[in-house]
Amino acid sequence: MFFGGDSDFQRLLRENGFDRSDLRAEVELNCTHPAILEFPNFMRRKSIASAVICFLLCMYLFILLAIVCDDYLVPSMERLCYTLRLTYDVAGATFLAAATSAPELFVAFVGTFITEGDIGVGTIVGSSVFNVLGIATVCGIFTGVTAKLDWWPITRDTMWYLVSITLLGLVLIDSKVSWWEAIIMLSCYFVYLTTLIFDRKLQKLCRSLEGERELMDEDPMQREEDPLMTFRQHVCSKPEKGSPCIEVTWWVIKYPAILILAITTPSVRSVFFLTMLVAVLWISGISYLVAWFLSVVGYNIGIPDSIMGLTILAVGTSVPEVVSSYIVTRKGYGSMAMCNAIGSNTFDIFICLGLPWLLKSIIQKNTVKIHSEGLTITTAMLVATIVLLYACFLLTKFTLGRPVGWMSLITYVLFLTCAIAIEIINDNLNHCDIEDDAYTHLLHKNI
């Protein structure tokens, strides 16, 4: 059997005149290669123990991710907003969106340069729907907060997201990406940033700004309610005497994560920009491990990759956006949460796809080939989800609460139902068994 690294596997294929798309298209194999091959060569043999261990690790990684966002990322964003005098919606659409999209950027680089598959495109497209509908569901139903949103930033970021989806469809219509197409994508994002910089002037052309701006006017370092924690407070925090047993148990479970983060991440009361950078690195690493471990779980219990990608993996790669949006919504920054959700998707398409494609096309001096079957359906779904969400806000007069949350949840369930039905109709559920001797023989025969 071939159990070398994925990069070595790709090199052997290229040396013998094959690439990953050639191998996938082999009629003789008559099956789809599992997504577990996109990750390191470890835990690829089916085992109940591996599935259980990976599932438990994922649960703890979710706890770790929540602590990173709650204690480091969001507080550093608050200090950044105050220092730069940014509004919450602009901060959510730019810095918070870029920070929480770091995992997608990392996976896109891996998919473009290492595995040379379509994992980058699939991850970004798959998580886009959950970013929009999932975040609206969580913030609307589970935060217990009803937030009145400003219509301007939601409309602004929705229009730009539609522009990014349209451009992505045009770029991938021939399944090839040229260097100049990648430059156009990157340029569009910088145009988007320019409109955010001059957002106040643009708004003056359309409306009065009085009472319409969520501007940070309180120094986070000085506030008494929910103060920023020091290193000592992180490390020495413990339940009060007489606390319920459940609270003590929960503290014991999460304290190792608290201690590791306190040791490796600077306190937000010091150099907050360095805190934000380290938090982004933590988020990237955690999200990659979550995607890997969930792939192992899905492979062991027999969930097809196409279903895993639409459901569990899409949720796993979107956890940073969900956690950070939940936290800022609880703090009363509803516009920041929704602009983070929509702005993250815009960042994913323009930067997380455009930048790796540009670098690869320049290095290889050739176009980047993309496997883009079903692009029309995918694009239509992305457009439909954001249009439906915007319609929900129109019906509720831009109020983020339970009505929007339940409508988003129903829409997301309908999306999953339709997407899974399409996978079944297209017969995309037949996946290769990488432990089967016949499969191994055919791989060596092709090589």
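As the structure is a prediction and not an experimental result, all values here were calculated from the model. (Residues numbered from 1 in each chain as written. Predicted model: local features only at pLDDT ≥ 70, side-chain atom pairs only at ≥ 80, totals over all residues. Heavy atoms only, no water.)

1. Looking at the nonpolar core
Formally: In this description, a nonpolar core means a group of buried Ala, Val, Leu, Ile, Met, Phe, Trp, Tyr and Cys residues linked to one another through side-chain atoms lying within 4.5 Å. Burial classes: relative accessible area under 20% of the type maximum marks a residue as buried, over 50% as exposed, and values in between as partly exposed (1.4 Å probe, protein chains only). Throughout, a residue-residue contact means that at least one pair of heavy atoms, one from each residue, lies within 4.5 Å.
With 109 residues, the main nonpolar core has Leu73, Met185, Met338, Phe350, Trp357, Leu389 and Phe393 as its most contacted residues. Methionine 185 has contacts with Leu167, Leu168, Val171, Ile349, Phe350, Leu353, Gly354 and Trp357, leaving out every residue within four places of it along the chain.

2. Describing helix α16 (residues 334-364)
Let me state the cut-off plainly: What counts as a helix is a DSSP run of H or I of at least four residues, what counts as a strand is a run of E of at least two, and both are numbered from the N terminus. Each residue after the first adds 1.5 Å to the expected span of a helix. Values of bend correspond, residue by residue, to the angle between axes fitted over the seven residues ending at that residue and the seven starting there.
Given a rise of 1.5 Å per residue, 31 residues ought to cover 45 Å, and the 44 Å separating the end C-alpha atoms of α16 matches this to within 8%. At aspartate 348, α16 shows its largest bend, some 35°. Of all 31 residues in α16, 26 are buried, a share of seventy percent or more.

3. Some words on the pattern of salt bridges
Formally: One speaks of a salt bridge when a side-chain nitrogen belonging to Lys or Arg is within 4 Å of a carboxyl oxygen belonging to Asp or Glu.
Under the criterion given, the structure shown has two salt bridges. Of the charged contacts in the structure, one is a salt bridge between aspartate 157 and arginine 156, with a shortest N-O distance of 3.1 Å. Here the two residues aspartate 157 and arginine 156 agree in accessibility, since each one is buried. Two residues, aspartate 199 and arginine 156, come together in a salt bridge whose shortest N-O distance is 3.1 Å. Note that aspartate 199 is positioned in helix α9 (residues 199-204) and arginine 156 in helix α7 (residues 151-171), a separation of 43 residues in sequence. The buried category is assigned to aspartate 199, whose relative accessible area is 1%. Within the structure, one salt-bridge network assembled from shared partners comprises Arg156, Asp157 and Asp199.

4. Regarding the packing of aromatic side chains
What counts here: Working definition: rings of Phe, Tyr and Trp (its six-membered ring) pair if their centres are within 6.5 Å, and the pair is stacked with planes under 30 degrees apart, edge-to-face with planes over 60 apart, and tilted otherwise.
Enumeration over the complete set of coordinates arrives at 11 aromatic pairs. An angle of 65° between the planes, with centres 5.5 Å apart, marks the rings of phenylalanine 130 and tyrosine 412 as edge-to-face. Here the residue phenylalanine 130 occupies a position in helix α6 (residues 119-142), and tyrosine 412 occupies one in helix α18 (residues 402-425), the gap between them amounting to 282 residues. Each ring, one from tryptophan 151 and one from tryptophan 152, has its centre 5.7 Å from the other, and the planes form 75°; the classification is edge-to-face. Look at tryptophan 151 and you get partly exposed, because its relative accessible area is 36%. A relative accessible area of 12% means that tryptophan 152 is categorised as buried. Pairwise contacts between aromatic rings join Trp160, Tyr189, Tyr192, Phe347 and Phe350 into one cluster.

5. What about a nonpolar patch on the surface?
Definition in use: Here the term patch refers to residues with relative accessible area over 30% and no salt bridge, with like charges joined within 9 Å and nonpolar side chains (Val, Leu, Ile, Met, Phe, Trp, Tyr) within 5 Å. To be clear on the numbers: accessible area is Shrake-Rupley with a 1.4 Å probe, and residue cover counts the displayed protein chains and nothing else.
Where nonpolar side chains cluster on the molecular surface, the patch consists of Ile48, Val52, Phe55, Leu56 and Met59 and spans about 490 Å² of accessible area. If you trace the backbone, methionine 59 turns up in helix α3 (residues 48-84). Take methionine 59: its relative accessible area is 34%, and that puts it in the partly exposed class.

6. As for the confidence of the model for the protein chain
Parts of the prediction with low pLDDT should not have their coordinates interpreted in detail. Quick note on the threshold: Each residue carries a pLDDT value, the predictor's own confidence for that position, ranging from 0 to 100.
Summing up the model confidence of the protein chain, the mean pLDDT is 77 and the portion of residues at 70 or higher is 75%. Note on residues 1-7: pLDDT is under 50 here. Beyond four places in sequence and across chains, it has 18 contacts. Note that residues 17-29 has pLDDT below 50 and, in this model, 26 contacts with residues that lie over four places away or in other chains.

7. Structural notes on helix α15 (residues 319-330)
Residues three or four positions apart in an α-helix share a direction because the helix packs 3.6 residues into each turn. With 12 residues, α15 ought to run about 16 Å at 1.5 Å a step, and its terminal C-alpha atoms sit 16 Å apart, in line with that. The buried fraction of α15 is high, at 10 of 12 residues. Buried residues of α15: Val319, Pro320, Glu321, Val322, Val323, Ser324, Ser325, Ile327, Val328 and Thr329, and no others.

8. With respect to the packing of α3 against helix α4 (residues 88-100)
The cut-off we apply is this: For helices, the fitted axis covers only the stretch in contact; all axes are lines through C-alpha atoms, and the angles between them, taken along N-to-C directions, range from 0 to 180 degrees. With respect to orientation, any angle under 35 degrees is reported as roughly parallel, any angle over 145 as roughly antiparallel, any angle of 65 to 115 as roughly perpendicular, and every other angle as oblique. A crossing counts as left-handed when the near helix is turned anticlockwise from the far one by less than a right angle, and as right-handed when that turn is clockwise.
Here α3 crosses α4 at 135°, and the two axes come no closer than 11 Å. With respect to α4, the element α3 is oriented oblique. In terms of crossing hand, the pair formed by α3 and α4 is right-handed. Each of Leu73, Met77, Leu80, Cys81 and Leu84 in α3 lies in contact with α4, whose residues at this interface are Tyr88, Ala91, Phe95, Leu96, Ala99 and Thr100.

9. Re the packing of α15 against α16
Helix-helix packing is characterised by the crossing angle of the two axes and by the distance between the axes. What counts, and what does not: Under this grouping Gly is polar, as are all residues other than the nonpolar Ala, Val, Leu, Ile, Met, Phe, Trp, Tyr, Cys and Pro and the charged Asp, Glu, Lys and Arg.
One way to put it is that α15 packs onto α16 with a least axis distance of 8 Å and a crossing angle of 160°. With respect to α16, the axis of α15 lies roughly antiparallel. For the element pair α15 and α16, the recorded crossing hand is right-handed. Mapping the contact onto sequence places Glu321, Ser324, Ser325, Val328 and Thr329 in α15 and Met336, Ala337, Asn340 and Ser344 in α16. Classifying every residue of the contact of α15 with α16 gives three nonpolar, five polar and one charged.

10. Quick notes on the environment of aspartate 89
Mapped onto the elements of the fold, aspartate 89 is located in helix α4. Counting along the chain gives 254 residues from aspartate 89 to glycine 343, while the straight-line C-alpha distance between them is 9.7 Å. With residues near it in sequence (within four places) discarded, aspartate 89 still touches Pro153, Arg156, Asp199, Ser335, Met336 and Cys339.

11. Quick notes on the environment of phenylalanine 293
As for its position among the elements, phenylalanine 293 is in helix α12 (residues 272-301). For the pair phenylalanine 293 and phenylalanine 39, spaced 254 residues apart in sequence, the C-alpha to C-alpha distance is 9.5 Å. Other than its neighbours up to four places away in sequence, phenylalanine 293 contacts Met43, Cys54, Leu57, Cys58 and Leu61.

12. With respect to unusual backbone geometry
Phi is positive for lysine 397, close to 55°, though the residue is something other than glycine. Relative to the assigned elements, lysine 397 resides in the loop between α17 (375-395) and β4 (399-400). Residue lysine 397 is classed as exposed on the basis of its relative accessible area of 63%. Of note in the backbone geometry, phenylalanine 398 takes a positive phi value of approximately 55° without being a glycine. For phenylalanine 398, the location among the structural elements is in the loop between α17 and β4.

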